[in-house]
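Chain residues, written in single-letter form:
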Amino acid sequence: IRALAELKHLPIQLDIYGDGSLKTYLQSLIYETKADVCLKGINKISPELLSEYDAFLMTSLNEGMPIALIEALMCGLPSILNDLPMLRETAGSAALYYEANSLESLIAHLKKVYENKDELKNLTNETIKVCNRYSAENYVSTLKKVYEM
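Quick caveat, the model's predicted, so the values are computed rather than measured.

Caption draft 1: Molecular detail of helix H7 (residues 118–131). Its 14 residues give H7 an end-to-end C-alpha distance of 20 Å, which sits within 8% of 20 Å, the value for a rise of 1.5 Å per residue. Those residues of H7 lying buried are Glu119, Leu120, Leu123, Thr127, Val130 and Cys131. Residues of H7 that are buried make contact with helix H4 (67–74), strand E4 (79–82), helix H5 (85–91), strand E5 (95–98) and helix H6 (103–115).

Caption draft 2: Structural context of the environment of glutamine 13. Among the structural elements, glutamine 13 can be located in the loop between helix H1 (2–6) and strand E1 (14–17). Taking C-alpha positions, glutamine 13 is 37 Å from valine 140, a pair spaced 127 residues apart along the chain. Among residues more than four places away in sequence, those in contact with glutamine 13 are Leu4, Asp36 and Cys38. At 2.8 Å, the side chain of glutamine 13 and the side chain of aspartate 15 are in polar contact.

Caption draft 3: Structural view of the nonpolar core. The biggest cluster of nonpolar side chains holds 21 residues, and the ones touching the most others in it are Leu4, Val37 and Leu110. The set of elements that each furnish at least two residues to this core consists of H1, helix H2 (23–33), E5, H6 and H7. Per element, the largest residue contribution to this core is four residues, and it comes from H6. In this structure leucine 110 touches Ala3, Leu4, Leu7, Ile12 and Ile80, once residues within four positions along its chain are discounted. Counting residues in hydrophobic clusters, the runner-up holds 16 residues, among them Leu69, Leu81, Leu84 and Ala95.

The rules behind each value
- Residues numbered from 1 in each chain as written.
- Predicted model: local features only at pLDDT ≥ 70, side-chain atom pairs only at ≥ 80, totals over all residues.
- Heavy atoms only, no water.
- Helix = DSSP H or I, 4+ residues; strand = E, 2+ residues; numbered from the N terminus.
- Expected span 1.5 Å × (residues − 1).
- Buried < 20%, exposed > 50% of the residue type's maximum accessible area, 1.4 Å probe, protein only.
- Contact = heavy atoms within 4.5 Å.
- Polar contact = N/O pair within 3.5 Å; in protein donor to acceptor, adjacent residues only side chain to side chain.
- Core = buried A, V, L, I, M, F, W, Y, C linked by side-chain atoms within 4.5 Å.

Keep in mind these values describe shape, not function.
Here's what the structure looks like:
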């Protein structure tokens with residue numbers, strides 16, 4: 001939200017899906033900064049919904065298995081991610097990584113992507129390669145290997 005507040009002069013919008021204990025805080029931050037951010041609440045996340053977006057942004061400070069990121073990859077959605085080991089391991093070359101927990105780095109990446117749309121197109125091609133790791137067949141095969149140990 002703070003990054004979008006710094007980029008108000010550009011037509012960039014952020015939609016946040018989900019619901020939780022930070023909702024009131026996020027609402028007040030959006031109101032305070034006048035950032036172009038919309039809290040969408042709980043929604044069914046589908047390939048059709050994800051196809052409406054230009055990029056997937058994940059600013060998590062820590063992640064286990066980032067299911068939302070995998071869903072975005074499976075839809076060919078390029079990602080902009082906090083440079084965390086788990087996110088890098090999951091998305092590989094199919095994402096842009098901003099310096100871990102750096103607002104300035106995130107702002108620079110968002111601005112760079114806005115000014116160079118080809119950056120996102122190139123990432124879309126990479127998602128095809130990366131998402132094959134997360135196919136149902138691959139998952140079942142890996143799970144079988146775990147149980148055979």
